[in-house]
Structures are given as C-alpha cells and as structure tokens.
Amino acid sequence: MRAKITTYQDRTLIPPCQAACPLHMRIREYVDLIAQGRIMEALKVIREDNPFPSICAHVCTHPCEEACRRGKVDKPVAIRALKRFAVEFGGDRMVEIEAETRRKEKVAVVGSGPAGMACAYYLRRLGYPVTIFEAHSEPGGMLRVGIPRYRLPREIVQREFDRLIRMGVELRLNTRVVSLDLLFEMGYQAVFVTIGAHQGLRLGIEGEEGPGVVDGATFLREVNLGLKPLLGEKVGVVGGGNVAIDAARTALRLGAKEVRVLYRRGPEEMPASEAEVQQAKEEGVQFDYLVAPLRIERERNKLKVICIRMKLGEPDSSGRRRPVPIEGSEFPLMLDTLIVAIGQAPQLPEDFRLRIGKGATIHVDPVSLATNRPGVFAGGDAVTGPATVVEALAVGKRAAFRIDDYLNHRYPVPEKEARPVVGDLLPETIAMIRKISRMDPPHLPPEVRVKEFVPVEMVYGWEEAIKEARRCLKCGAGAEIFSRDRCASCLTCLRVCPYHVPRLNGTGEVEIPADQCQACGICVAQCPAKVIILRKPQDRRQIAEELNHLARYGPSKPMMVGFCCQYGLYGTGVLSGLYREKKAGVYIIPVSCVGKVEAEHLLEAFRLGAEGVFVAGCGDQCSREDTALWLGRRIEKVRESLGEMGLEPERIKLFMPGEGRDLLEDLRDFSQKVAGLYLASLVRQEVKYDSCPTEAFGRDPTHDRPL
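Being a predicted model, the structure only gives us computed values, none of them experimental. (Residues numbered from 1 in each chain as written. Predicted model: local features only at pLDDT ≥ 70, side-chain atom pairs only at ≥ 80, totals over all residues. Heavy atoms only, no water.)

**Brief notes about the sheet that holds strand E9 (residues 286-289)**
- The five strands lie next to each other as E6-E14-E7-E8-E9, forming an open sheet whose pairing is parallel. Two strands close off the open sheet at either side, each with one partner strand: strand E6 (213-215) and E9. Ignoring strand direction, the axes of neighbouring strands in this sheet form an average angle of 20°.
- Pairing of strand E7 (residues 234-238) with strand E14 (residues 337-340), which is carried by four bridges, proceeds in the parallel orientation. Looking across to E14, one finds that Gly236 is bridged to Leu338. (Pairing = 2+ DSSP bridges. Helix = DSSP H or I, 4+ residues; strand = E, 2+ residues; numbered from the N terminus. Axes fitted to C-alpha atoms, helices over the stretch in contact; angles between N-to-C directions.)

Structure (structure tokens):
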C-alpha cells in the first residue's frame with residue numbers, strides 16, 4: 001500500500017528541561033538536531049528562543065540540566081556545552097539580525113547588562129527606536145565587569161553589542177543617567193531601568209572598614225577593567241555564591257599563593273555552581289566550611305581575622321539550615337587580603353523617584369514590570385537582587401513586550417500555560433534505559449589555567465557532541481493512542497514495550513503514560529490496529545514523506561533503499577555519500593530510530609522498485625533496549641512476504657554495527673549480493689522470455705519488442 005502523508009496536530013508535551021529554563025528554550029528540539037548532525041538547524045532553533053546564545057553557552061547556570069530526567073538514569077545531558085558546540089560549529093558569529101523601524105515611539109534602556117540587552121533586542125525587533133545608556137566606558141554591565149574573562153571572553157560580549165548596533169540600537173557609553181525626567185524631556189516615551197546590583201554588602205563586623213578588606217563586586221570590577229590589585233600571598237574570601245568562587249579563582253590568577261573560601265554553612269548548602277567549586281578545588285582553592293569571621297584586627301600590615309566555628313540548626317527562610325555559632329570555638333586566621341562576597345544591592349539615584357522594596361531593590365508590578373511612575377519599567381538585578389544571566393535575559397524579553405503593551409494602550413496578554421511533563425520516571429522504566437556515561441567537554445589542566453585568564457572549558461569535537469546529544473530521552477514526545485474506538489485491546493503494546501510503559505486502567509482500557517514513554521516506536525510498528533502514533537509530528541510523518549519523495553523523484557532502477565538511524569552519524573556522516581545518490585542507485589531514508597520502521601515501510605520500498613532494502617541502526621551505541629530484537633522479527637516477517645512474491649529473502653538485511661565493524665564495507669558486500677540477485681533475475685526472465693512462443697508475450701514480429 002502506498003504511504004500517504006497525514007497532517008497531525010502537535011501533541012508533544014513540554015519536557016522538564018524546557019519548563020525549567022527561564023527562556024523556555026526548545027531544548028529537546030535543538031539537542032535532537034545536534035544528535036542528527038544538523039547543526040545549522042539546531043542553531044536556528046536556539047536563536048529563535050535566545051537572542052544571545054554565545055553568552056549563555058559560556059555562563060548559563062543551566063537549570064535545565066538539574067531538571068533533566070536523564071539524571072535519574074545516570075547523569076543529565078550536558079545541555080549548556082551542547083549549546084556552545086552549536087554556537088561555535090554553527091557559525092553564530094556570522095549571524096546577522098535585521099530590524100526595521102516601524103514605530104515612532106522612542107524607548108530608553110538604562111543599563112547595558114543582560115536584561116537591558118535583551119529588552120533592546122526585542123524592542124528593536126518590534127520596530128521601536130531604542131537607546132541604551134551605560135555609565136561605564138564599555139557595555140555589558142555585569143557581563144563585562146562582574147564575570148571573569150576565563151568564564152566569558154570579552155570579545156563575545158563585544159560581538160553581541162556590535163550585532164545590536166548593526167540592528168539599529170543606539171549605544172551611549174560614559175553616560176550616567178541621574179534623572180528619568182530628563183529622558184522623558186528628550187522625547188523617550190518609555191524607560192526600562194536595569195542598573196544591576198553593583199554595590200557589595202558588608203559583614204557588619206569590627207575592623208572591616210580598614211585597608212585590606214574589599215567587597216567581591218568591586219574587586220571583580222577592578223580586575224575586569226584592567227586593574228591589578230595588590231593582594232599579597234594569603235587571601236581569604238567570605239561567601240558561598242558564584243561571586244565568591246569567581247573572586248577566589250581570580251585571586252589565584254593574580255598571583256596569590258594561598259586562597260581560602262570561608263563559608264558559614266556546609267558544602268551541601270553552598271549556592272555556587274558545583275562545577276565551579278570543583279574547578280576551584282582543582283586549581284588549589286581551599287574551602288573552610290562552617291566558619292564565619294567575627295572581627296578583623298591588624299598586626300604588622302597583616303589582617304588577623306578572628307573566626308568562629310558554626311553548626312547547622314533548623315532551616316531558615318531560604319530552605320537552608322541556619323548556621324549557629326559554637327561558643328568558645330574562636331580561632332585566628334592571618335591574611336593579606338580579605339574579599340567579602342556575601343551579596344550585592346543596587347545603587348539607585350534619588351532623583352529616579354522609584355518605590356524601593358526589600359534589600360534596596362526597585363518595587364515593580366510582577367505582571368507588567370511597571371514601577372510607580374507611568375512609562376517606567378524595571379527589571380534585572382535591580383529588582384530581584386543578584387540573579388543569573390539567563391534569568392536576566394528572560395526578564396528583559398518580558399519587559400520588551402510589556403513596554404509594547406503600554407505603548408499600544410493594551411493590557412498584558414496572559415501567557416499560555418505550558419504542559420510540563422509531570423511525574424518521575426518509574427523504577428522499572430529507569431532499569432530498562434541503557435546507561436551511557438556523560439561526556440563533558442575537555443578542560444585546560446589546572447596548572448595551565450591558573451597562570452592567565454584564558455577560557456577554562458574547551459569545545460566538543462563533532463563526534464563527542466553527537467554522542468552526548470544522543471543521550472537525550474526526548475521526554476514528552478512519545479506514543480499515544482489516537483482512537484479508543486479502534487483499539488482492539490489486544491495488549492500487544494504491553495507485550496512489546498521494552499520499558500513496561502503501557503498499562504490497563506481501571507476500566508480495562510490501555511493507557512500509554514506520556515511521562516514514561518521513551519519514543520522508541522516499537523509499539524507503533526507492532527500495533528495490529530494501527531491506532532498508536534508518536535506525539536512528535538515529524539517522527540510520525542518522516543518515513544511516509546520520504547517514501548512519497550522516493551516515488552516521485554527517487555533514482556531509477558536498479559537501486560537499494562536504506563532506512564538508517566539519524567544518530568551516530570549514520571544518516572549524516574558515514575552515509576552522507578550515499579544519501580539520495582542516483583548514480584549509485586542508493587536512496588537513504590533517515591529515521592530518528594530504526595525501531596519506528598514498520599514492515600509496511602519495508603515492503604513499500606520493494607513495491608516502489610527497490611532491488612534490495614537494508615536497515616542500519618546504532619548497534620551497541622543505541623540508547624534504547626531491544627530495538628534490534630523487534631526489528632529483526634519485523635524483517636523476518638518481510639522475508640516471508642518476499643518469498644511469497646517470488647523474491648529472494650536475501651534482498652533485505654539488518655545492520656546493527658558493533659565495535660570494529662565497518663558499516664560501509666558491510667553495505668558494499670550487501671550491494672554486490674543484491675546486484676548479483678538482480679542480474680540473475682534478468683537472466684531468468686530472458687531465458688523464460690526466449691523459450692516461450694512469440695504470441696505468449698504479444699511480441700510484434702516486425703519490430704521485435706513487446707507490444
């Protein structure tokens with residue numbers, strides 16, 4: 001039966017990684033494209049959701065990885081590192097964004113940090129003239145002055161601003177805004193205030209106002225602006241966040257011989273990135289947990305920091321256990337410099353006349369981001385306190401659309417509620433998912449990276465990125481029963497599912513829980529009633545569309561048709577030379593998993609004129625279990641059908657490569673065998689043709705050819 005294209009509604013559910021991302025990036029989609037080697041398409045998906053992926057690829061705290069359900073099996077997918085691979089290999093630096101001015105209302109953005117950048121980007125895409133005002137001599141806010149160069153190279157930040165300028169965003173540096181009234185007098189009809197939180201908090205202990213004590217934000221700002229503070233040999237850093245870790249690692253790179261981080265809680269409560277902490281330890285940073293400074297004394301140009309040991313009590317408002325001093329546990333610590341990195345607060349000019357909330361932050365409406373002044377909106381660290389770069393980008397994006405609502409005199413449109421994947425993977429499902437070790441990108445050795453401010457993390461190679469991307473479980477894109485009336489309740493899906501996902505509900509109907517299905521496609525192919533489909537439209541349509549394309553534009557006979565796994569380079573690298581090769585007579589149909597190839601697809605390829613058909617999977621690299629088993633049974637069924645049609649069963653073959661196997665060599669052998677069978681069939685036909693009377697074939701004796 002000829003395969004037909006059917007239009008289906010996209011019924012995929014929002015995977016947990018996407019739900020956890022502040023920008024709600026379509027992570028499943030771009031990781032899947034990377035796994036197929038389609039890097040430019042992956043970069044396109046990334047850029048549709050994130051205007052500055054090159055920045056996030058370096059410094060995103062990747063909350064998506066914390067939500068990744070692969071972590072329940074072994075370790076989460078390295079999503080941030082894969083994004084960087086797509087940015088680097090996809091040529092993001094060459095991408096140009098065009099924007100046309102369609103509106104006359106001018107908008108001012110006060111501050112050039114990530115929230116301001118995102119707001120300006122989306123306002124410009126909406127057609128507004130936008131001006132960014134920045135007090136410093138270089139743009140970027142905390143991206144430029146708060147994040148060390150070994151984490152975020154400066155040329156990346158500059159490249160993004162150059163792109164904004166080419167879009168038409170006006171950038172005014174060395175311009176400190178002291179009054180919002182002046183902006184409105186200059187003709188701006190809306191203002192977005194995103195001045196960041198650059199003022200470091202103090203400990204509030206005796207002696208911290210003297211020399212040798214500096215706050216972490218000031219220290220990082222001075223270093224990032226080109227200064228080299230004299231720290232001495234022994235440096236202490238108070239705090240447990242990312243700023244504290246950045247300050248400690250920066251101190252090492254400035255020549256400090258000994259750097260100690262003093263944190264009043266335990267390692268489990270430390271909010272800093274686990275990876276950053278591990279890298280700091282590799283570089284030689286020492287960690288003193290359950291320790292807090294009491295007072296600071298000075299002896300012979302040294303700091304004598306009197307510390308006290310702590311114990312953990314009941315959880316506080318942050319959910320972490322409250323540190324309690326242990327009486328009589330004081331001890332001295334001799335240092336040259338003490339860096340205090342316990343938090344930051346914004347510095348708001350008084351003439352802004354904005355309502356201030358807790359922690360000196362700007363009070364805004366949580367939906368519209370509007371302040372107490374008409375036309376003035378605020379976001380970023382100035383509103384939330386110190387947050388992550390990706391959170392700032394999300395707020396800036398939201399602010400742009402809220403400003404657009406304001407200038408168009410409309411109420412904010414409520415955001416549609418997403419349908420995140422609910423529930424954890426069941427133990428029996430986890431047990432059946434193949435364990436594949438996480439492959440992190442390489443890092444510079446510690447002894448090299450502490451000598452200068454060069455990027456610590458390197459980029460994936462092509463093969464490593466493909467293999468890591470293939471670990472994705474594609475949550476929420478599994479199978480579903482689209483017609484209850486046609487379901488025969490034969491329980492085939494329960495029998496064939498390798499993950500034990502289908503089940504009977506209380507009324508005896510079969511259910512396929514969307515949060516457990518692994519989208520292997522085996523039940524789709526085996527369902528006798530054909531009522532099970534995959535939720536992801538492309539997975540449902542792809543094979544049928546390719547067969548239709550083959551019927552219309554495929555190579556002429558003799559030919560072979562191959563159904564090949566897209567992952568592991570089978571559909572993109574190893575077999576790229578064979579893809580739709582008319583000269584070679586080989587037509588490759590890439591599939592997201594060979595488990596989705598049905599017996600009908602294989603027979604359809606023969607019906608379309610194929611002399612041989614093969615299926616090439618991932619072999620021992622496949623992340624799914626039992627794929628080869630069920631596909632082998634399907635091929636045996638097709639071989640029986642071929643025998644009934646008078647064709648040799650050897651015309652179809654399954655390839656599941658293992659270690660040391662050469663797929664192309666195996667295919668060449670199979671191709672030669674098919675060619676031999678084809679020639680033999682021609683000879684048999686010719687012999688049969690010549691041995692029969694002319695009339696039997698309707699031969700025209702005059703022209704010597706069949707009528």
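Next comes the rest of the write-up.
**A word on the layout of surface pockets**
- Roughly 1100 Å³ of internal volume is contained in the second largest pocket.
- Along the walls of the second largest pocket sit 38 residues, with His62, Ser273, Glu274, Ala275 and Glu276 positioned nearest its centre.
- Per-element accounting of the lining of the second largest pocket gives the leading share, six residues, to helix H13 (residues 274-283).
- When the residues that make up the lining of the second largest pocket are grouped by side-chain class, the tally is 15 nonpolar, nine polar and 14 charged. (1 Å grid on protein atoms, 1.4 Å probe; cavity = no way out; pocket = protein on both sides within 12 Å on 5 of 7 lines; lining within 4 Å. Points joined across faces, edges and corners; volume = space filled by probe spheres on them. Nonpolar A, V, L, I, M, F, W, Y, C, P; charged D, E, K, R; others polar.)

**Some remarks on the environment of Glu457**
- Following the sequence through the fold, Glu457 ends up in the loop between helix H17 (446-449) and helix H18 (462-469).
- What makes Glu457 buried here is its relative accessible area of 15%.
- Along the backbone, Glu457 and Leu444 are 13 residues apart, and their C-alpha atoms lie at a distance of 6.6 Å.
- Once residues within four sequence positions are removed from consideration, Glu457 is found in contact with Arg80, Arg84, Pro441, Pro442 and His443.
- Among the polar contacts listed, one links the side chain of Glu457 to the side chain of Arg80, at a separation of 2.6 Å. (Buried < 20%, exposed > 50% of the residue type's maximum accessible area, 1.4 Å probe, protein only. Contact = heavy atoms within 4.5 Å. Polar contact = N/O pair within 3.5 Å; in protein donor to acceptor, adjacent residues only side chain to side chain.)

**Quick look at the pairing of strand E23 (residues 612-616)**
- Burial of E23 is extensive: five of the five residues sit out of reach of the surface.
- The pairing of strand E21 (residues 560-565) with E23 spans five bridges and is classified as parallel. Bridging across to E23, Phe563 finds its partner in Val615.
- As paired strands, E23 and strand E24 (residues 652-655) are joined by four bridges and run parallel to one another. Residue pairing for E24: Ala616 is matched across the bridge by Phe655.

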